[in-house]
Amino acid sequence: MSTSPQSTTETTVERKGLSPRRRAQRSRWIQYAILVVVVLVAVFTADWGQIGSVFFKPEFIKSAFEAGLLTALVKTLEYTAGAFVIGLVGGTILALMKLSPVGPYRWLATAYIEFFRGLPAIVVFIAFSLLPLAFEGMTIPWDPYGVVWLALGIVASAYMAEVIRAGIQAVPKGQVEAARSLGMPAGLAMRKIVLPQAFRIVLPPLTNDLILLVKDSSLVFIIGVAANGYELTGFGRDLANTDANLTPLVVAGFCYLVITLPLGLLVRRLEAKTARTR
Amino acid sequence: MALVEIKNLHKSFGSNHVLRGIDFTVEQREVVCVIGPSGSGKSTLLRCVNLLEKPQQGQVIVRGEDLTDPDCHLDAARQQIGMVFQQFNLFPHLSALGNCTVAQRTVLKRSQEEANRIARANLERVGLSDKIDAYPAQLSGGQQQRVAIARALSMDPALMLFDEPTSALDPELVGDVLTVMRKLALDGMTMLVVTHEMAFAREVADRVVFMDGGVIVEQGPPAELIGDPKEERTRTFLRRVLDPTHVEPTS
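The text that follows walks through the structure, step by step, so that each part is easy to find.

How each quantity is defined
- Residues numbered from 1 in each chain as written.
- Chains lettered and ligands numbered in written order.
- Predicted model: local features only at pLDDT ≥ 70, side-chain atom pairs only at ≥ 80, totals over all residues.
- Heavy atoms only, no water.
- Helix = DSSP H or I, 4+ residues; strand = E, 2+ residues; numbered from the N terminus.
- Rg over C-alpha atoms; globule rule 2.2 N^0.38 Å.
- Buried < 20%, exposed > 50% of the residue type's maximum accessible area, 1.4 Å probe, protein only.
- Areas by Shrake-Rupley, 256 points an atom, 1.4 Å probe, with all protein chains shown as cover.
- Axes fitted to C-alpha atoms, helices over the stretch in contact; angles between N-to-C directions.
- Parallel < 35°, antiparallel > 145°, perpendicular 65-115°, else oblique.
- Left-handed = near helix turned anticlockwise from the far one by under 90°.
- Contact = heavy atoms within 4.5 Å.
- Nonpolar A, V, L, I, M, F, W, Y, C, P; charged D, E, K, R; others polar.
- Polar contact = N/O pair within 3.5 Å; in protein donor to acceptor, adjacent residues only side chain to side chain.
- Core = buried A, V, L, I, M, F, W, Y, C linked by side-chain atoms within 4.5 Å.
- Patch = residues over 30% accessible without salt bridge, like charges linked within 9 Å, V, L, I, M, F, W, Y side chains within 5 Å.
- Salt bridge = Lys/Arg side-chain N within 4 Å of Asp/Glu carboxyl O.
- Pairing = 2+ DSSP bridges.
- Buried area = accessible area lost by both parts, 1.4 Å probe.

Observations concerning the overall build of chain A
- Looking only at helices and strands, chain A features 12 helices and zero strands.
- Along chain A, helices (α) and strands (β) appear in the sequence α-α-α-α-α-α-α-α-α-α-α-α when read from the amino end.
- Its C-alpha atoms give chain A a radius of gyration of 28 Å, clearly above 19 Å, the size a compact globule of 278 residues would have.
- Across its three principal axes, chain A shows a C-alpha extent of roughly 100 × 70 × 30 Å.
- Classification of the 278 residues of chain A by burial places 38% in the buried group.
- Here chain A displays about 17,000 Å² of accessible surface, and carbon together with sulfur accounts for 67% of that area.

Right under this line is the structure:
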């Protein structure tokens, strides 16, 4: 309404250079061009026949199945499952110790967790492979399962303890108060009210730990199990040596994906579900 | 003998002295409402009655048992004190029935059949017999709070504590919960209620306690305390609560 002389709607602002939209467009074209060049170079320079016969040779794929690929797959699952159970039970005990009002329990749990979380899993496996030499005549029952489950479980429990502790602490304080007000002693409230909710909360991260465990089970070859105890990596490596070809290892590698991809899918589903119920 | 007897109760959180010497009693079958501005210590007082908060000084005696005695069997004593929380605190992993049976089974060692029977009776009492198998997430706030009341009642308590039971509810759901509480009072339950619902206090309470600054300022029958308060602090508070739009802000 006021017709002040300052109104500058007539002038257009002049800016230099490309607009952000055009700049983004140009940058995307450059990215596509680089990709096309790299693919073309790969296609024309690689010796595809050689690659195919080294990594994906059909007769070796077939012979891998005949040599007991599925047995190795089952071994991997068995090693992982047992270690997961030990890790879960041990991790829960450690988490409870870490939250204990008794100081020494807290210190012990913290020391254990920090030690085994910081240590490469392979070091633990080497230690276990040397145990029979260090302590003469020492045996761990259920050979080879016992030693594998123990070695993997020791490391897994350290990881899972932290996850479970976080889960326990994520349960609202009001839950414990409600349980205690009904006359439940602390231990009972933990068992019946807190832990069931805590495990629900940590289901996605625990499944992630399970995926890590599947892969860590490949370290079993360090311990030196007999050929009939080979899991996927040991099996693939052995057969790749015999065949002087990488195909068995590639096949074994795909078997890991057969296990881990569905687990990864499960994690995403669980996460979506927790996000919905919150 | 009074059902609850509180003597010279002091409670601090750090340097914050929340309760500064509380003395009061609740008789058998009495309904006592505690009112007062926020931060006056009324919720803390309630939480001291079942020792969810541990007082630094003073005694809490329920049915002749001193709960502040370090050797008191606190878990056993708490079974007879039902508590209803502002945020309901239902167990989300259990159904309505499960919420009402878990403590019966594990604490009172009742059989599954008996626990179920008592839980059903109490869920019916709060008007939720059709929600027995529902999980807390499937219930409205008012329904959740009524399940929480049924959960506490399933332990056959001698006393019920209510900590602002309607403060977290949508206004249209408040009535359902208050109706259940009114019925409970008529049935002769001893109740200690921290509330902002003046109409409820006026109608249901046998006695109203006004707290401010960690002390009991004044108490008496609702008609007297709400209708004709003696203390200036009580009058100021009630003016603000009963007619909030006609009060000038103090600061």
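Some thoughts on the packing of helix 7 (residues 145–170) of chain A against helix 9 (residues 186–216) of chain A
Residues and elements named next belong to chain A.
- Look at helix 7 against helix 9: their axes get within 8 Å of each other, and the N-to-C directions meet at 140°. Taken together, the axis directions place helix 7 and helix 9 in an arrangement best described as oblique. Our pair here, helix 7 against helix 9, has a crossing hand that is right-handed. Side by side, helix 7 and helix 9 meet where Leu152, Ala156, Tyr159, Met160, Val163, Ile164, Gly167, Ile168 and Ala170 of the first sit next to Met190, Val194, Leu195, Ala198, Phe199, Ile201, Val202, Pro205, Leu206, Asp209, Leu213 and Asp216 of the second.
- Taken together, the residues that form the contact of helix 7 with helix 9 break down as 18 nonpolar, one polar and two charged.

Looking at the environment of Ser181(A)
- In this structure, Ser181(A) sits in helix 8 (residues 173–181).
- On the basis of relative accessibility, which here comes to 3%, the residue Ser181(A) falls in the buried class.
- C-alpha separation for the pair Ser181(A) and Ile140(A), spaced 41 residues apart in sequence, amounts to 47 Å.
- Residues in contact with Ser181(A), not counting those within four places in the same chain, are Asn50(B), Arg78(B), Ile81(B), Met83(B) and Phe85(B).
- At 2.9 Å, the side chain of Ser181(A) forms a polar contact with the backbone oxygen of Ala178(A).

Remarks on the nonpolar core
- Membership of the largest hydrophobic core comes to 48 residues, with the highest contact counts inside it found for Phe125(A), Val148(A), Met160(A), Ile168(A), Leu213(A) and Leu232(A).
- At the level of secondary structure, the elements contributing two or more residues to this core comprise helix 4 (69–98), helix 6 (121–134), helix 7, helix 9, helix 10 (220–223), helix 11 (232–243) and helix 12 (247–277) of chain A.
- When neighbours within four sequence positions are excluded, Phe125(A) is seen to be in contact with Ala151(A), Leu152(A), Asp216(A), Leu219(A), Val220(A), Ile222(A) and Ile223(A).
- With 47 residues, the next largest nonpolar core counts Ala96(B), Val126(B), Leu139(B) and Phe210(B) among its residues.

Focus: a nonpolar patch on the surface
Residues and elements named next belong to chain A.
- Together, Trp29, Tyr32, Leu35, Val36, Val39, Leu40, Val43, Phe44 and Trp48 make up a nonpolar patch on the protein surface, roughly 1,000 Å² of accessible area in all.
- The biggest single contributor to the nonpolar patch is helix 1 (residues 20–45), with eight residues.
- Structurally, the position occupied by Val43 is in helix 1.
- Classification of Val43 as partly exposed rests on a relative accessible area of 40%.

Let's talk about the pattern of salt bridges
Residues and elements named next belong to chain A.
- Applying the stated criterion across every chain, the model contains 21 salt bridges over all chains.
- As a salt-bridge pair, Arg117 and Glu114 come within 3.2 Å of each other at their nearest N and O atoms. Within this pair, Arg117 and its partner Glu114 are both found in helix 5 (residues 103–118), separated by three residues, close to a single helical turn.
- Look at Arg117 and you get partly exposed, because its relative accessible area is 30%.
- Residue classification places Glu114 among the partly exposed residues on the basis of a relative accessible area of 40%.
- Glu162 serves as the salt-bridge partner of Arg117, at 3.9 Å between the closest nitrogen and oxygen. Of this pair, Arg117 sits in helix 5 while Glu162 sits in helix 7, placing them 45 residues apart in sequence.
- A relative accessible area of 15% places Glu162 in the buried class.

Remarks on the sheet that holds strand 9 (residues 207–212) of chain B
All names here are of chain B.
- Strand order in the open sheet formed by six strands is 6-7-8-3-9-10, with mixed pairing between adjacent strands. In this open sheet, the two edge strands, each paired with only one partner strand, are strand 6 (81–84) and strand 10 (215–220). Recorded for the sheet is a direction-independent mean angle of 20° between the axes of neighbouring strands.
- Here strand 6 pairs with strand 7 (residues 159–163) via four bridges, running parallel. Paired with Ile81 across the two strands is Leu159, which belongs to strand 7.
- Sitting on the sheet, helix 5 (residues 141–153) is in contact with strand 6 and strand 7, with an inclination near 170° to strand 6.

Comments concerning the interface of chain B and chain A
- On the chain A side, the residues contacting the 21 residues of chain B number 17 residues.
- For chain B, the biggest contributors to the area lost against chain A are Asp75(B), Phe91(B) and His93(B); these three give 33% of the whole.
- When the shortest N-O distance is used, the salt bridge between Arg180(A) and Asp75(B) registers 3.2 Å.
- At the boundary of chain B and chain A, one finds five residue pairs in polar contact (both at pLDDT 80 or more).
- At the level of secondary structure, the elements contributing two or more residues to the side of chain B that touches chain A comprise helix 2 (74–79), strand 6, helix 3 (96–106) and helix 5 of chain B.
- Each residue belonging to the side of chain B that touches chain A can be placed in one class, and the counts come to 12 nonpolar, five polar and four charged.

Focus on the side chain of Lys75(A)
Residue and element names in this part refer to chain A.
- As for its placement among the helices and strands, Lys75 is situated in helix 4.
- A polar side-chain atom of Lys75 sits 2.9 Å from a polar atom in the side chain of Tyr145.
- When sequence neighbours within four positions are dropped, the list of residues in contact with Lys75 reads Tyr145, Asn228, Gly229, Tyr230 and Glu231.

What about the environment of Gln143(B)?
Residues and elements named next belong to chain B.
- Examined against the element boundaries, Gln143 turns out to sit in helix 5.
- With a relative accessible area of 18%, Gln143 lands in the buried category.
- Sequence-wise, Gln143 and Phe210 are 67 residues apart; in three dimensions their C-alpha atoms are separated by 29 Å.
- If near-sequence neighbours (up to four positions away) are discounted, Gln143 is found in contact with Leu128 and Lys131.
- Only 3.0 Å separates the side chain of Gln143 from the backbone nitrogen of Ser140, close enough to count as a polar contact.

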